[in-house]
Amino acid sequence: MQLSPADLHILLVDPSDVQRKIIRKKLAEENVNQVVEAASIQQALQHITQHKPDAIACALHFADGTAEQLLKQLKADTATTEIPFLLVSSESRKAQLEAFKQSGVVAILPKPFDAMQLGKALNAAVDLLSPAELELTLFDVHDVRVLVVDDSRLARNHIRRVLSNLGMQHIVEAEDGQQAMSLLQQQMFDLVVTDYNMPEVNGQELTEFIREHSTLSHIPVLMVTSEANDAHLANIAQSGVNALCDKPFEPEAVKQLLYRLLEQ
């Protein structure tokens, strides 16, 4: 049975009583009423140990640690690594948010956020917890061969999970563009999903390599980037990518992009 946001059990972690009340009210407006609160990282960990939530909505800074420390701890434990994590923060500096974008958070919600932003974040969590296969008319989604390229292991894990939930079973990973180039010359792929920022060979250079080789030039490339600079994105687009996708890698957006890429 398909889940809805109203089915979610959410752990809300925020040091401010006022902020927790505000967020809880906004969740209730989305019919999300199964909410447990924690005011510290330690409290959050105790709640998670006692009763694993479906998703976690967490502020950035606490007296006893940060959301990044909590996220790292959860990702390191197989029992909690797949809990969808929503960061709720007024932080807008790219450098401060980059670690979260690279570690597979489901969404980054600003403070304050509106109903549309919250709905999108909750739906992304639901999509992870309640997979729906991509239905293609041209071929079986189970047969699609995908190369995932990202220098962050956590980001690769998140992308693999999203793609697996869509029904893709043949997924090969590369840790950077250099390794991806080697793999592309050894085996066949139907799709490349690549990060932009990588050492040695970045996503743009990898895409140019693919487009310049006649045996590879037909492969659709989905570029995943946390870049927000319009001029920079235009430059990436000119390298031959078929679609650009933001980090966090949202299941519904990816589903639509892949349908467009694979059904053309």
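Residues numbered from 1 in each chain as written. Predicted model: local features only at pLDDT ≥ 70, side-chain atom pairs only at ≥ 80, totals over all residues. Heavy atoms only, no water.

A. Quick peek at the packing of helix H5 (residues 115-129) against helix H6 (residues 153-165). Interaxial distance between H5 and H6 falls to 9 Å at its minimum, and their mutual angle equals 70 degrees. Judged by the angle between their axes, H5 and H6 are roughly perpendicular. The segment H5 lies against H6, with Asp127, Leu128 and Leu129 engaging His158, Arg161, Val162 and Asn165. Looking at the contact of H5 with H6 residue by residue, the classes come out as 3 nonpolar, 2 polar and 2 charged. (Axes fitted to C-alpha atoms, helices over the stretch in contact; angles between N-to-C directions. Helix = DSSP H or I, 4+ residues; strand = E, 2+ residues; numbered from the N terminus. Parallel < 35°, antiparallel > 145°, perpendicular 65-115°, else oblique. Contact = heavy atoms within 4.5 Å. Nonpolar A, V, L, I, M, F, W, Y, C, P; charged D, E, K, R; others polar.)

B. Spatial organisation of unusual backbone geometry. Each neighbour pair has its own omega, and for lysine 111 with proline 112 the value is -5 degrees, a cis peptide bond. Positionally, proline 112 belongs in the loop between strand E7 (107-110) and H5. Cis rather than trans, the peptide bond between lysine 247 and proline 248 has omega equal to 0 degrees. One non-glycine residue, asparagine 31, adopts positive backbone phi at about 65 degrees. On the secondary structure map, asparagine 31 appears in the loop between helix H1 (17-29) and strand E2 (34-38). By relative accessible area, which is 52% here, asparagine 31 ends up exposed. (Buried < 20%, exposed > 50% of the residue type's maximum accessible area, 1.4 Å probe, protein only.)

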